[in-house]
Every structure is written in structure tokens, then in C-alpha cells.
Amino acid sequence: MIFNLARHCGGTQGAVLAETTTPDLCVIGAGLGGLAAVAEARALGASVVLVERGRIGGDYLNAGVIPSRALAAAAGRAHAIRSSAPFGIAADEPKVNTRRVHDAVQRVIAGLAVADGPARLEAQGVELIRAEGSFVDARTLAAGDIHVKARRFIIATGARTATPAIAGLDAVPFFTSETIFDNTRKLTHLAVIGGGPIGLELAQSYAGLGTQVTVIEAATPLPAADPELAAIALGRMREEGVEILAQSGIVAIQARSQGIGVIVRTGGDERMLDVSHILVADGRVPELDALNLDKAGLRRSKADPRFLDVDRRFRTGNRRIYAIGDAAGSGGGAVAAHQGRVAARAALLGLAALTSADMLPRVTFTDPEIAEVGLTEAEARKRHGTGFRVLRAGFADSDRARATQQTHGLAKLIVARDGRILGAGVAGDRAGELVALFTLALSLKLGIGDLRPLVAPNATLSEIVPELVADYYRDSPVSPWLARLVAINRYIP
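Residues numbered from 1 in each chain as written. Predicted model: local features only at pLDDT ≥ 70, side-chain atom pairs only at ≥ 80, totals over all residues. Heavy atoms only, no water.

**Some thoughts on the environment of F174**
Assignment of secondary structure puts F174 in the loop between β9 (159-161) and β10 (175-176). For the pair F174 and A191, spaced 17 residues apart in sequence, the C-alpha separation works out to 9.7 Å. (Helix = DSSP H or I, 4+ residues; strand = E, 2+ residues; numbered from the N terminus.)

**Here's the deal with unusual backbone geometry**
Here the amide bond leading from D367 into P368 is cis, since omega sits at 5°, within 30 degrees of zero. Turning to its location among the elements, P368 is positioned in the loop between β20 (362-364) and β21 (369-374). Its identity is not glycine, yet N292 carries a phi of approximately 60°, on the positive side. Along the chain, N292 falls in the loop between β18 (284-286) and β19 (321-323). Exposure remark for N292: the relative accessible area of 35% places this residue in the partly exposed category. (Buried < 20%, exposed > 50% of the residue type's maximum accessible area, 1.4 Å probe, protein only.)

**Structural notes on the sheet that holds strand β6 (residues 140-143)**
A sheet is described by the order of its strands in space; here four strands give the open sequence β1-β7-β6-β5, paired in mixed fashion. Whereas interior strands pair on both sides, the edge strands pair on one side only; in this sheet they are β1 (19-21) and β5 (133-137). Neighbour-to-neighbour, the strand axes of this sheet turn through a mean angle of 30°, independent of strand direction. The pairing of β1 with strand β7 (residues 146-148) spans three bridges and is parallel. Bridge assignment links T20 to a residue of β7, and that residue is H147. (Pairing = 2+ DSSP bridges. Axes fitted to C-alpha atoms, helices over the stretch in contact; angles between N-to-C directions.)

**Observations regarding the layout of surface pockets**
The probe, sized like a water molecule, is rolled over the atoms to show the empty space still left. Here the second largest pocket is characterised by a volume of approximately 900 Å³. If you list the elements that add at least two residues to the lining of the second largest pocket, you get α4 (65-82) and α7 (197-208). For the lining of the second largest pocket, the leading source of residues is α4, giving nine residues. (1 Å grid on protein atoms, 1.4 Å probe; cavity = no way out; pocket = protein on both sides within 12 Å on 5 of 7 lines; lining within 4 Å. Points joined across faces, edges and corners; volume = space filled by probe spheres on them.)

**Considering empty space enclosed by the protein**
Under the counting rule described, the total for this entry stands at two cavities of 30 Å³ or more. The calculated volume of the largest cavity comes to roughly 80 Å³. What lines the largest cavity is L71, T98, V101, H102, V105, I180, F181, N183, Y206 and L209. In terms of residue count, helix α5 (residues 98-113) provides more of the lining of the largest cavity than any other element does, four residues in total.

Following this line, the structure appears as C-alpha cells:
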């Protein structure tokens, strides 16, 4: 390492040289994907520098899945009090203390932050630089007063909420998914701009906490999900009082002395919403602007200039630099974490980092959850035409779901004509847990017959899996060989 002469030697004259560090790998961004890359690199014995300008854990820990799940847990408790009558328990309207809900969410974040905090990273031998990074040239990143000349770089900078161009939005205060978890005040009527997973998850949580909620979506809510599964979650949300305005646009937003006016157009009709607060959850923009991409010889994707141009190995046009997650247009969460591990091995070992998005599970944490892996029915139709079958099992046929009165759900299995499992989707209670089995099946390239020996525990939701398998064989022609074997056995006493 070359040290800053003025700082470490007491010199005050002449040019000041920045410190230079030369690790095997420099990871830019300490979100879920970046931390996964760091852990994988250290497991391989590589020296690692981690550059992060903000909070360790990124959106996943501080403004994403973890706080969203903690908020939803509080909302679920409140909803349970309101909906307890079918269980023979007197229902009541819960008394929600928004400040205490906020504090409960923050305690969850603080508790998990210790696991990947600076002390833990230092104990793992990771050099953490708390500064914004920008490339100086094709192989050097400046971070604060340190120059990082790593053998390889991984960009894992995540994304931020995009601010839509709506007349009057800049004249009123509004939340984003990054700021709403700082809220400690009761929200009377929340308008949510955007009907994707983030917007709908937060909409349902705030509705559960007693807020009137209106979601405004320009196209179709949950557009990436299987429509049949999405309809189940959206139906439940509407039953719980969330107003969802699909195919609707915002004409203008009006600042008022009391509240905010939102003019919404649906088809040819306009209406005025009187709301107290606005949440913008309409898309995400990768955090790339500060990196000085041109200096590193990095190009943006021609298909979508918001993202970096990467190949199937997550490598950019600069062979020293890889990009994962939101920076590469792949999304965050489990996808970014998986890519972080794979990219670290590719960068340090020179191994092919080929991976298929079909093998990565996708979960929308509404209530009920939507969990999918592999091909959806629509995707299977595009790739295989009519050469596949769709197996279905309703939660209403599950003993466990009936006992817990959680029958609002459906499991789907997409199977090729030769029995190969192409994809699976579940909308219902604990869908994210159920889809893990199908994720393993896809990873191991299993067929429907490989699931036949599965014995699911009695009165559990996992009994849905044997039901799907039975559905496949119920409509399959009987094997001529098996038919002969049965006929022969008739003559055996």
C-alpha cells in the first residue's frame, strides 16, 4: 500500500499522494448482492475492499424486504384482531400507535444490521471504505482519499426510486420506499403511485394499520406475475379495503393548505382524490451516475440505457469489471445475491458465470404471497407452444388451509409433455416457503415423476405437492406395460 505522505509523514508541502490499495477484488455497494460477493470472495481466500457511501445492507435491510416484512407483520396483527370473528373470537378495531410500529420496525433493522456491520466485516478481513466511489481510469476507483487498484471490480450499487414526471408533484412532500419507513405519524389517506410489488406491499400494510389507501397504476398491477396468481392477491387486497385504480394516469397534483389533491384519469373519466400523503413507488433507477462510467470504459445497454451493458457472465465491456443486480437490470434481492456469489467466482477464478434466471425464485410479499420460479404459463406458451400442461391445486382442498381458514390460494405447476418441470407458481399462505421445493426441482432438472415418492407431513401446506403430482397422473394414459402387469397378477393367488 502507498500511503498519503502528507497525512502519515507530517509533510505540508508538495503534491499530496492518495493512498493506493491493491486487493484481489473491489466490490462497490454493500447491499445484498455486494455482501454476497464479499462473502464468496473471502471464502476463496481473496483480499477484498468494499466501498459503500451509505448504510450497510442497502435497500434490502434498510428500505426493502426486511422493513417491509416487519411493517407487514405489524399490519397482520392488526388485521387478525379485525377478522377474528370466524374463529369465535370477538372482533374489534385495533389501537395502532404509529410511533411504536416505527420503533418495532427499526429494532428489527438494527438487530439484523449487526450481522453484516463494520465490526463483522473487519473480523472477516474485509477492508471497508465509507465513501462514494468513482472510476479514475479503466482499473482505478477513487473512494474518498483512497485509490483502489483492484484486479477485478464488481458493481453492486443497487437502485433508487424513480420520480415520475407528474405536474405538481414537486410542489408537495411525498414518500418513497426509501423514506416511508422513517414515518412516525398516522396517515389518513395514502395515495400510492405505482402498482408493482413494492407499492402494493406497502399499500396493503398501511391499509392493515388503518389507513385509507388508493393505488394508482398506469398499466396492469403486478405485471410480471402470472395473471391468475396476481388476481388472487389483488382480490384479497380489495376485500381488505385497498382501492386499486388500474389503467389510470395522474393528470396533476395540487398542493393545498389541508391535504393534497390528486386528479386521476381512468379511461375518459376524471376524478379528484383528496389524500393526506403520497407514496411514489413507480419504478427504480440504478445508482450509476456517480461512478464516472466513461473513465472506466463502461457502456450502458442499448436495449435500456438505465442499465450497464453486460454479457451472460455479468462482465462489462471492461474485462476487469462485472455488474450485478439492479446495475445490470436484473433486480435485487435473491437475484442479486445469487449473481454476487457467481460473479465473485467468475472474477477471481476465471470460471464461467453462466446462470439462468429461470432457476431463481421470485416472491411478492403481499398477503397472500405470490411466489414463482421458472416459466410462467404465458412464457411456456411462447417457448413450447402447446407442448406443456398446467397442473393446479387449490388451497381450498388443503386440510391445513381449511383448518386455518387460509383457503384463498392456488398452486400451479408447468410441466412439459415429457414430464420435465418447467415452472411453478403459488399464490397463498406461505407461498414463498412452498416454492423452495420447486426451485430445488428445477435446479436438479427433475421431472414430475421424481416428485412422486414425496411423502408430505399430514395437515401441512406441503401436501399440495402430492396433489399436483396426482393431477398429472390422473389425466395421463395408463402405461400398457403396467396394464399387462395388473392383468397377469389377477391369476396369482
